[in-house]
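As a plain string of letters, each chain reads:
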Amino acid sequence: DELVSQIAAGEVVERPASVVRELVDNALDAGASQVTVRLQAGGVRLISVEDDGAGIAREELPLALKRHATSKIGSLADLESVGTMGFRGEALAAIASVSDLGVVSRAHGQPAAWLLDASSGELRPAARATGTTVEVKELFFSTPARRKFLKTDATEFAHCLEAVRRHALARPDVGFAVWHDGRLSEQWRAGSAEQRLADVLGEDFLAQSVAVEYSAGPLRVRGRAGIPDAARARADWQYAYVNGRCVRDKVLTHAARSAYEDLLHGHRQPVYVLHVEIDPARVDVNVHPTKIEVRFRDSREVHQAVRHAVEYALAAPRS
Ligand code: ADP
Ligand code: MG
């Protein structure tokens, strides 16, 4: 069973950044308004994610670490309209199987906090305000083969930071802080969407991009598209979200890219942040354990909307 869960973990946990993504997902699902990520040695030695969300009640703590235990959907039918980041109930269990994991949580309205040590199963009183901290130490210590594939601390840290950046772009209403080896690396305060774009991608991007705002029936596309002449070409600055979830999707990438077709000369990459809002019943988010892929029921409709959205934005007179 240990082996089975470690193999399953491989699908969810590839590197420290995968852990960061899952833990921040959980913090946001819990309604956090502030998320603090602390890393040591690129996340290999320590990943700690602290939130001020709803917390986990004492009697539910052991359940949170069980495989396929989720508090977020009650039935298969709920998958049709899943509104949370998580729903598979496998992240914490998977992470716990390849690390030394501990959870400290105080549920809203409860007088005390509790700490659960995943490896020993020990539950003991702790002290903290309402919310949850998940600490993941010595990732892959029991799976040296996987540990060998990790890059330098600096590279792993860059991936972790990128994972937080993706969340931060989707949730300007939430404050984020990232620490690495005891130093504050990034701090993004809660504020407007524009402020968050400037904080995360730089004032330059905000100045050298146009607003995207487009609807096609119930489908909505909004965000910001960089003006190619001016925008810095960054191969990794294409951010696409579907109902708030950051995804890598060929349909979206291709649609955005084709809107830029005549504007991009040579091999330059467009820079954009696009949020697609679509009826949850028209998109399947349960395609892959990492939930980074989605499948649209009608991908032509989505392609067209995104392409038009970006084309209109780029063609509009600039103010
Ligand atoms: P999922 O997010 O798919 O439900 P996870 O394994 O990520 O599965 O988490 C399992 C459960 O633990 C969640 O359903 C939730 O009830 C609880 N949980 C995990 N992290 C937090 C958190 N930061 N705050 C509150 N509850 C949490
Ligand atoms: Mg989760």
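It should be emphasised that the depicted structure is a prediction, and the values quoted were computed from it without experimental measurement.

Asks: I'd like to hear about the sheet that holds strand β13 (residues 272–277), residue by residue, with values.
Replies: The 5 strands lie next to each other as β9-β10-β13-β11-β12, forming an open sheet whose pairing is mixed. Every interior strand has two partners, whereas the edge strands, β9 (209–216) and β12 (245–247), have only one. Adjacent strand axes in the sheet meet at a mean angle of 20 degrees, parallel and antiparallel pairs treated alike. In this structure, strand β11 (residues 238–242) lies alongside β12, joined through 3 bridges in antiparallel fashion. Bridge pairing in β12 places Y241 opposite C246.

Asks: Could you give me a rundown of the environment of V164, with the residues and numbers involved?
Replies: One can find V164 in helix α6 (residues 153–170). Judged by C-beta crowding, with 24 C-beta atoms within 10 Å, V164 ranks as buried. The sequence separation of V164 and V37 amounts to 127 residues, and the corresponding C-alpha distance is 8.4 Å. Excluding anything up to four places from it in sequence, V164 contacts V20, V24, V37, F176 and V178.

Asks: An account of the pairing of strand β10 (residues 219–226) is requested, with residue identities and associated values reported.
Replies: The pairing of β9 with β10 spans 8 bridges and is classified as antiparallel. If you follow E213 over to β10, its bridge partner there is R222. In this antiparallel pair of consecutive strands, β9 and β10, the connection spans 2 residues, and G217 shows a positive phi of 60 degrees. Bridge count for β10 against β13 is 6 bridges, and the pairing is antiparallel. In the strand pairing of β13, G223 is matched with L274.

Asks: Would you mind going over the environment of A211 in detail, with residue names and values included?
Replies: Along the chain, the position of A211 falls in strand β9. Considered as a pair, A211 and R106 are 105 residues apart in the sequence and their alpha carbons are 41 Å apart.

Conventions used here
Residues numbered from 1 in each chain as written. Chains lettered and ligands numbered in written order. Predicted model: local features only at pLDDT ≥ 70, side-chain atom pairs only at ≥ 80, totals over all residues. Pairing = 2+ DSSP bridges. Helix = DSSP H or I, 4+ residues; strand = E, 2+ residues; numbered from the N terminus. Axes fitted to C-alpha atoms, helices over the stretch in contact; angles between N-to-C directions. Buried ≥ 20, exposed ≤ 12 C-beta atoms within 10 Å, placed from the backbone. Contact = placed C-beta atoms within 7 Å.

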